[in-house]
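# Observations on the three-dimensional arrangement
Listed below, chain by chain, are the residues.
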Amino acid sequence: MDHPKHAAAAGRPGGIVAVLAVAGVVAALMQTLVVPLIGELPELLHTSAANASWAVTATLLAGAVAVPSTGRLADLHGKRRMLLACTVPLIAGSVLCAVAGSLTPMIVGRGLQGMGMGIVPLGISAMRDLLPPERLGSSIALMSSSLGIGGALGLPLAAAVAENASWRVLFWGAAGLSVLIAALIWWMVPAVPRQAAGRFDVPGAVGLGAGLVCLLLGVSKGADWGWTSGTTLGLLGAAVAVLLVWGWWELRTGDPLVDLRVTAGRQVGLTNAASVLVGFAMYAQSLIVIQLLQLPKATGYGLGQSMLAAGMWMAPAGLMMMAVSPLGARLSQARGPKVTLCAGSLVIALGYGMSIGLLGSTWGVLALTCVINAGVGLAYGAMPALIMSAVPLSETGAANSFNTVMRSVGTSVSAAVVGVVLAQLTTDLGGHALPSENGFHAGMLIAGAGALAGALVTLGLPGGKARRAAAGGDVKAEAPART
């Protein structure tokens with residue numbers, strides 16, 4: 001039962017936005033928390049480098065499986081309740097990782113941390129229920145930018161802690177932050193009546209989870225296993241088969257996990273397609289820049305930075321997402337989120353175009369990553385507005401969560417494509433094969449092409465239809481209950 005003081009919190013929209021944004025930042029921190037430890041994990045956990053990489057993969061897979069289900073459960077049982085539920089695996093996973101002495105508990109803990117990623121789409125959906133219309137657009141944009149802020153702060157913070165203290169401090173700190181946001185959500189975020197009726201679609205959740213695991217596992221591990229290996233091809237083939245059966249089920253069940261008739265509609269479908277492309281473009285620069293910054297200057301193009309210094313050079317770019325979020329909200333209010341999404345995609349492409357002449361210095365890298373992330377901030381802020389203006393109130397949690405999964409698909413494909421490019425275009429330094437300068441340029445240009453493709457997709461979106469929702473105006477009327 002909700003605490004009676006929560007009713008008073010409804011009158012403090014600024015506090016609600018602040019709490020949800022901080023919660024999003026903490027959830028996003030979990031994604032980059034382990035990056036500075038990747039090189040040391042094999043020794044720390046007494047395992048191989050290939051096995052240690054599962055500490056990253058597990059978070060991705062668990063998030064992809066859990067996020068759609070938490071979104072639908074939030075529609076059925078209340079968004080505040082599911083926001084609190086998402087903090088439980090964040091806390092448990094962080095504690096488990098902090099005490100881990102071998103690979104298995106680390107993988108389980110990282111998987112639990114990934115399950116907490118549902119906080120971001122749930123927070124965005126809750127804003128539609130809790131905030132006054134005039135605050136909605138800017139608050140959605142800020143919440144969306146929390147992904148970039150968390151990722152940007154996570155890398156230098158984790159590197160600093162890893163260099164100056166025990167690696168276990170990272171995870172104890174993550175546990176403490178997770179407890180803090182749970183307390184803030186409990187105290188500051190009021191409950192609202194649930195918007196949906198019906199039952200939770202267990203077969204749909206299992207089917208979508210299985211299909212996404214096969215897809216993302218095949219894509220993320222294809223380079224290690226070989227793209228033509230039986231395991232990779234089998235997983236990708238299974239993903240197609242399972243998702244086709246899942247789609248068949250969703251169209252026939254009375255209470256689907258994801259309403260595919262709405263999802264396949266012009267506005268939601270094209271927004272999700274653009275999300276894949278923007279996610280692809282966003283993630284590529286993270287993979288390329290961190291390597292370029294740390295390569296030795298002896299290569300002739302490496303920038304010779306430590307992990308901590310590299311994280312510091314990348315941090316301002318993530319903060320740009322927060323800086324542009326008010327601008328994006330105003331643009332959406334004036335011209336509609338379609339224009340904002342298209343503009344964001346074009347700004348991302350511009351940033352990648354700048355890489356042709358700016359990859360040779362740390363200041364040049366800082367400039368182009370700031371431009372790219374400014375574009376990501378614009379685009380990510382517009383996506384929830386487009387989604388929520390096209391779905392009924394009873395489906396905002398599920399629809400936003402599915403959109404988050406589409407971004408994850410884009411980032412996974414990006415990691416695979418960039419990995420292949422950098423593995424194929426190499427140079428030799430002291431007997432070691434390193435990504436070449438041409439490889440970095442090729443990866444950046446491919447990502448820029450992805451951003452341009454995202455801009456083209458947005459041209460097919462209905463013009464101005466979602467403008468009032470983005471500005472905090474009327475939302476789409478509730479759809480009739482399913483029978």
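Just so we're clear, the structure is a prediction, and the values are computed from it rather than from any experiment. Position labels on residues start from 1 in each chain and follow its written sequence. The predicted nature of this model means local features are confined to residues of pLDDT at least 70 and side-chain atom pairs, given and counted, to a pLDDT of 80 or more, with totals for whole chains, interfaces and linings taken over all residues. Side-chain measures here rest on the full set of heavy atoms in the structure, leaving out hydrogens and waters.

## Observations regarding the pairing of strand 1 (residues 426-429)
The side chains of a regular strand alternate, first on one face of the sheet and then on the other. Here, a strand pair is defined by DSSP locating no fewer than two bridges between the strands. The secondary structure listing takes helices from DSSP runs of H or I that are at least 4 residues long and strands from runs of E that are at least 2 residues long, numbered from the N terminus. Pairing of strand 1 with strand 2 (residues 432-435) involves four bridges; the strand directions are antiparallel. Of the residues in strand 2, the one forming a bridge with threonine 426 is proline 435. Remark: two residues form the turn of the hairpin made by strand 1 and strand 2, two consecutive strands paired antiparallel; glycine 430 in that turn has positive phi of roughly 60°.

## Quick notes on the packing of aromatic side chains
Stacked, edge-to-face and tilted are the three classes for Phe, Tyr and Trp ring pairs, Trp counted by its six-membered ring, which pair at centre distances within 6.5 Å; planes under 30 degrees apart are stacked, over 60 edge-to-face, the rest tilted. Applying the stated criterion across every chain yields a total of five aromatic pairs. The interplanar angle of 20° and the centroid separation of 6.5 Å between the aromatic rings of tryptophan 246 and phenylalanine 402 together place this pair among those described as stacked. Of the two residues, tryptophan 246 is situated in helix 12 (residues 230-252) and phenylalanine 402 in helix 18 (residues 396-424); the sequence distance between them amounts to 156 residues. Just as tryptophan 246 is buried, phenylalanine 402 falls in that class too. Between the aromatic rings of tyrosine 301 and phenylalanine 440, the centroid separation amounts to 6.2 Å while the plane-to-plane angle is 65°, which identifies the pairing as edge-to-face. Remark: phenylalanine 440 occurs in helix 19 (residues 437-458) and tyrosine 301 occurs in the loop between helix 14 (266-294) and helix 15 (307-335); sequence separation between them is 139 residues. Under the scheme applied here, a residue whose accessible area is under 20% of the maximum for its type counts as buried, over 50% as exposed, and between as partly exposed, the area being computed with a 1.4 Å probe on protein chains only. Take tyrosine 301: its relative accessible area is 9%, and that puts it in the buried class. Two conditions define a charge located above a ring, namely a distance within 6 Å from the ring centre to NZ of Lys or CZ of Arg, and an angle within 35 degrees of the ring normal. The aromatic ring of tryptophan 54 is capped on one face by lysine 221, whose charged end is 4.6 Å from the ring centroid.

## What about unusual backbone geometry?
For histidine 46, which is not glycine, the phi torsion reads 55° and is therefore positive. Turning to its location among the elements, histidine 46 is positioned in the loop between helix 3 (41-45) and helix 4 (49-52).

## What about the confidence of the model for the protein chain?
It should be kept in mind that the predicted coordinates are not to be read in detail where pLDDT is low. A score between 0 and 100, pLDDT records how confident the predictor is in each residue. Confidence in the prediction of the protein chain, expressed as mean pLDDT, is 86, and 93% of residues score 70 or more. The low-confidence segment residues 1-11, where pLDDT is below 50, has 15 contacts with residues more than four positions distant or belonging to other chains. A contact between two residues is defined here by any heavy atoms of the two lying within 4.5 Å. Across residues 465-483, confidence stays below pLDDT 50; counting only partners more than four residues off in sequence or on other chains, it has 45 contacts.

## Section: empty space enclosed by the protein
Using a 1 Å grid laid over the protein atoms alone, points where a 1.4 Å probe fits but cannot get out form a cavity; open sets with protein on both sides within 12 Å along at least 5 of 7 lines form a pocket; any residue with an atom within 4 Å of a point counts as lining. Grid points are joined across faces, edges and corners, and a volume is the space filled by probe spheres set on the points. On inspection of all chains with the given rule, the structure shows six cavities of 30 Å³ or more. The element that contributes the greatest number of residues to the lining of the largest cavity is helix 18, accounting for three residues. By residue class, the composition of the lining of the largest cavity is nine nonpolar, two polar and four charged. Under the convention adopted here, Pro, Cys and the residues Ala, Val, Leu, Ile, Met, Phe, Trp and Tyr are nonpolar, Asp, Glu, Lys and Arg are charged, and Gly plus all remaining residues are polar.

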